[in-house]
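Single-letter residue listing:
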Amino acid sequence: MDRIILAALLIFITPFIAFSQAPGYLGKRAAVVFNLSSFPAFNGPTQNNRGINEFGDRFGESENGLAFNYEFDLEFSYAVGRVRGLSLGFGQYYTGAITKTRTVSRPNPFSTGDFVGYDRHELFNRVNVRSINLMYHKFNADKGALAPMGISWSIGLKYLFIKGEIVDKKTNYDRQSGELFGHNPLKIPNKANFYVLKFAFQNTQIIKDRFIFKTGIRIGLPLASGYLDNIGNNLASNAYATSTKEEEVVDFEFPIYRRLFFHEIFRFDLGVGLLLF
């Protein structure tokens, strides 16, 4: 009789014991993970002017070969519940982008006439992208997961700090004298910022109660005004219309939006790290 009562009591209190289990792994809630995410560049160019790019822009005689999008990031995470966690990450990568703009042609001092002409420029940019992101993680208790270990899905926001550097240029001069006298300074900007909505599916394993090994996939959807209009186009609608500050911004930002859409859209994720405290 006593055994029956004891068994019934254990069955009754077991759920409450499990529910009251402290968050974390062996009492450790905090972790740091170094991640590498990558996927073939199916719509380049990369910073080396490569990538599988049959329908997009190409600059010069680029190699239409296998290349990879990538990103390195450092992530600090904390278990805020048995199956919930938060993380703050800092990322960085390089890629390439082709932009096009125009400048007013310089007059020929040896000829008469005051007509206005435009020199058209095709620019290859090496793009440096740094980011900060905040993510919410939900671990699948039905699969035996407890934060920070096991299968989880995540959602969050990523903010990109983008800076382009022109590393190559081709100019089509309106006047023959342009080759001799050059062109006016380019006014195209080289900075932009926007948000990315991030989703992730990951499997986090802990080895020897200390080391973290993580695999998964991540998806990113840029939240930039105007980028949707340019995903399917090689150029912005008014890429050569530069005459105002607003249009100069368009000449840079629209191609950048398009390139980073294909860079962020999908990647495989691999991470290693440590439990801290």
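Overview of the structure.

Describing the overall build of the protein
Across its full length, the protein holds three helices and eight strands. Seen in sequence order, the protein has helices and strands lined up from the N terminus as α-β-β-β-β-β-α-β-β-α-β. Taken across its 277 residues, the protein has 44% of its residues classed as buried. Residue pairs in contact within the protein that sit at least 24 positions apart in sequence constitute 75% of those at least 6 positions apart. With an accessible surface of roughly 15,300 Å², the protein has 62% of that area assigned to carbon and sulfur atoms.

Focus on empty space enclosed by the protein
Across all of its chains, the model carries five cavities of 30 Å³ or more by this definition. In this structure, the largest cavity encloses a volume near 180 Å³. Considering the residues around the largest cavity, the lining is formed by 18 residues, among which Glu 75, Ser 77, Phe 139, Pro 148 and Thr 204 are closest to the centre. If you list the elements that add at least two residues to the lining of the largest cavity, you get strand E1 (30-40), strand E2 (68-79), strand E3 (84-104), strand E4 (118-139), strand E6 (191-207) and strand E7 (211-223). Per-element accounting of the lining of the largest cavity gives the leading share, four residues, to E2. Here the lining of the largest cavity is built from residues that sort into nine nonpolar, six polar and three charged.

A short note on the pairing of strand E8 (residues 266-275)
Of the pairings in the sheet, the one linking E1 to E8 comprises eight bridges and is antiparallel in character. Looking at E8, one finds that Val 33 is bridged to Gly 273.

So, the sheet that holds E2
Spatially, the eight strands close up into a barrel ordered E1-E2-E3-E4-E5-E6-E7-E8, and their pairing is antiparallel. Ignoring strand direction, the axes of neighbouring strands in this sheet form an average angle of 25°. As defined by bridge partners, E6 adjoins E7 across 13 bridges and the pair is classed as antiparallel. Looking at E7, one finds that Gln 202 is bridged to Gly 216.

Observations concerning the side chain of Asn 69
Note on placement: Asn 69 falls in strand E2. Overall, Asn 69 belongs to the buried group, its relative accessible area being 2%. For Asn 69, the side chain forms a polar contact with the main-chain oxygen of Phe 262, separated by 3.4 Å. Excluding its chain neighbours within four sequence positions, the residues that come into contact with Asn 69 are Ser 37, Ser 38, Phe 39, Pro 40, Ala 41, Arg 259, Phe 262 and His 263.

What counts and what doesn't
Residues numbered from 1 in each chain as written. Predicted model: local features only at pLDDT ≥ 70, side-chain atom pairs only at ≥ 80, totals over all residues. Heavy atoms only, no water. Helix = DSSP H or I, 4+ residues; strand = E, 2+ residues; numbered from the N terminus. Buried < 20%, exposed > 50% of the residue type's maximum accessible area, 1.4 Å probe, protein only. Contact = heavy atoms within 4.5 Å. Areas by Shrake-Rupley, 256 points an atom, 1.4 Å probe, with all protein chains shown as cover. 1 Å grid on protein atoms, 1.4 Å probe; cavity = no way out; pocket = protein on both sides within 12 Å on 5 of 7 lines; lining within 4 Å. Points joined across faces, edges and corners; volume = space filled by probe spheres on them. Nonpolar A, V, L, I, M, F, W, Y, C, P; charged D, E, K, R; others polar. Pairing = 2+ DSSP bridges. Axes fitted to C-alpha atoms, helices over the stretch in contact; angles between N-to-C directions. Polar contact = N/O pair within 3.5 Å; in protein donor to acceptor, adjacent residues only side chain to side chain.

Limitation: the analysis is restricted to geometry and does not speak to function.
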